[in-house]
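# Remarks on the overall topology
Listed below are the residues making up each chain.
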Amino acid sequence: MLVAILTIPLACALLSGLLPWRPWIGWLGTTAATGVLACGIALAVGVLHAAPASGLRGVLRADALSAFMVLVIGVIAVLATCQGVRYLGAEIASGRCSRRHASLYAVLVQGFVATMLLAVLAANLGVLWVAVEATTIVTTFLVGHRGARTSLEASWKYIVICSVGIALAFLGTVLVYLAALHAPGHGAHALNWTSLVAQSHHLDPGVMRLAFALIVLGYGTKVGLAPMHSWLPDAHSQAPAPVSALMSGVLLTVAFYAILRFRVIAQGALGPTFPRTLLVIVSLLSLGIAASLLLSQRDYKRMLAYHSVEHMGLIALGAAAGSTLAIAAVLLHILGHGIAKGVLFLASGEILLAEGTSEIEHVPALLSRRPVLGGIFAFGLVALLGFPPFSLFVSELNMLRAEFQTGLGWAAVASLVCMAVIFGAVMSHGRHLLLGPKGSSAPAVTPALVAVPLVGGLVLCAFLGISAWPLQPLLHAAAKAVTP
């Protein structure tokens, strides 16, 4: 099963690279993403009713947390690849992209999905690091796909900053390996996830303290946590909309998945205080920076990117609480944020295609001029701001409950203040984008190819907020997997 999950996007990438791009190749990518999602559902059912799955002679391993992350990747990949067909068709029709270059894009997208799947299925923390580094390399080319000067600048900034972060994460991983080698009877499996958790109380506290700090700073760079977040608004605003959806909706949380894995090891070696303090610091710093910068945004794609910094800060604060309730809420938030942010970035790509600009000032009154597209964007903002019935309301409420229960009430109050500022900023920007007098021309029609997947994503996000019962056993099991 695990090998099949990785094989699906790789086989699609191989076929896409052999032929000049055609719409059926784009739909083949959507079919591959749907296959990953179906395998993720089967994997989730399997790990809930049996032992964790393994493959490739122990290189791959999937417990409930891994299965949940495969589901997240599958859902967002389906949305992004559906819109990728529309994006590439428009680029080729305008002459900005050749069919061979479009094929390269399709190969890179499937490679991107495959590397993220490898990261969440890796049994070895060294393989996890390699997979996350591979996502950096692949996405660098995707960010600069348009070939414009601003896109190339963003891709260079992205690879430089993220490479520094990944180098720090590598040092942290090496220090964990060093601590594991000196633990009694632990040398043969010094980077195996399950073995490290079982022996974490034997790891040297001094080494693990430095290691976890490097891990949070290193992988936190990929997550978009402050102070290493500066690549995120540039990359997300310049990348093609389907790539932005994958990066914001999945890539950030795949990197946070790595922090969750290391957090359990660090907590076993150090106790809860140091990991909690470190996560609280980066979470509040991220929330404060996002709140201050969202006030002055003039670009709706950059606005969405800074909103990602806020939500990564929220899940870091939830992880700091560390209880089963908190981690389950964090995981539900990861899925809800991925869907809502994916929908918004894909809708923003359609707005950019229709309006020719990403400046908020030059895109007024979408609800009257483009009612379907404006409605999708409006409901996406409602979901992202945590209004019911969307799942982010439930996840944020449960994270706040867990934070108060674990003595982090003061941090929860600080996060609420930042969220109030962010709410005001986003509502102000959204008011200009969505409202205004109706123009003299007839309202523009949004193609069904755009509207149907995005509306489906919003409906799924609302359903998870109203009734998360299909995911409750999986969320509980995944939370227990990273709760000491």
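Use the structure listed above.
All of these numbers come straight from a predicted model, not from anything done at the bench.

### Overview of empty space enclosed by the protein
Evaluation of the coordinates by the stated rule reveals four cavities of 30 Å³ or more. The volume enclosed by the largest cavity comes to roughly 120 Å³. G26, G29, T81, A106 and Q110 are the residues nearest the centre of the largest cavity, which is lined by 15 residues in total. At the level of elements, α1 (2–18), α2 (23–49), α3 (64–94) and α4 (99–121) are the ones that each hand at least two residues to the lining of the largest cavity. If you tally residues by element for the lining of the largest cavity, the top one is α3, at five residues. Looking at side-chain class alone, the lining of the largest cavity contains nine nonpolar, six polar and no charged residues. As a volume, the second largest cavity reaches approximately 60 Å³. Forming the walls of the second largest cavity are L314, L317, E396, M399, L400, E403, S415 and M419. When contributions to the lining of the second largest cavity are tallied by element, the ones reaching two or more residues are α12 (300–321), α16 (391–405) and α17 (409–434). In terms of residues, the lining of the second largest cavity owes the most to one element, α16, which gives four residues.

### Examining unusual backbone geometry
Cis geometry marks the peptide bond from A226 to P227; its omega dihedral reads 10°. On the secondary structure map, P227 appears in the loop between α8 (205–223) and α9 (231–238). Positive phi, normally seen in glycine, also occurs at A365, with a value near 55°. Position of A365 relative to the elements: it lies in the loop between α13 (324–355) and α14 (366–369).

### Focus on the packing of helix α5 (residues 125–143) against helix α10 (residues 241–270)
At their nearest, the axes of α5 and α10 sit 12 Å apart, and the two run at 160° to each other. Between α5 and α10, the crossing angle belongs to the class labelled roughly antiparallel. As for the relative orientation of α5 and α10, their crossing is left-handed in sense. Counted together, L125, L128, T135, T139, L142 and V143 of α5 and V243, M247, L251, Y257, A258, F262 and I265 of α10 form the full contact between these two elements. Here the residues of the contact of α5 with α10 are counted per class, giving eleven nonpolar, two polar and no charged.

Definitions and cut-offs
Residues numbered from 1 in each chain as written. Predicted model: local features only at pLDDT ≥ 70, side-chain atom pairs only at ≥ 80, totals over all residues. Heavy atoms only, no water. 1 Å grid on protein atoms, 1.4 Å probe; cavity = no way out; pocket = protein on both sides within 12 Å on 5 of 7 lines; lining within 4 Å. Points joined across faces, edges and corners; volume = space filled by probe spheres on them. Helix = DSSP H or I, 4+ residues; strand = E, 2+ residues; numbered from the N terminus. Nonpolar A, V, L, I, M, F, W, Y, C, P; charged D, E, K, R; others polar. Axes fitted to C-alpha atoms, helices over the stretch in contact; angles between N-to-C directions. Parallel < 35°, antiparallel > 145°, perpendicular 65-115°, else oblique. Left-handed = near helix turned anticlockwise from the far one by under 90°. Contact = heavy atoms within 4.5 Å.

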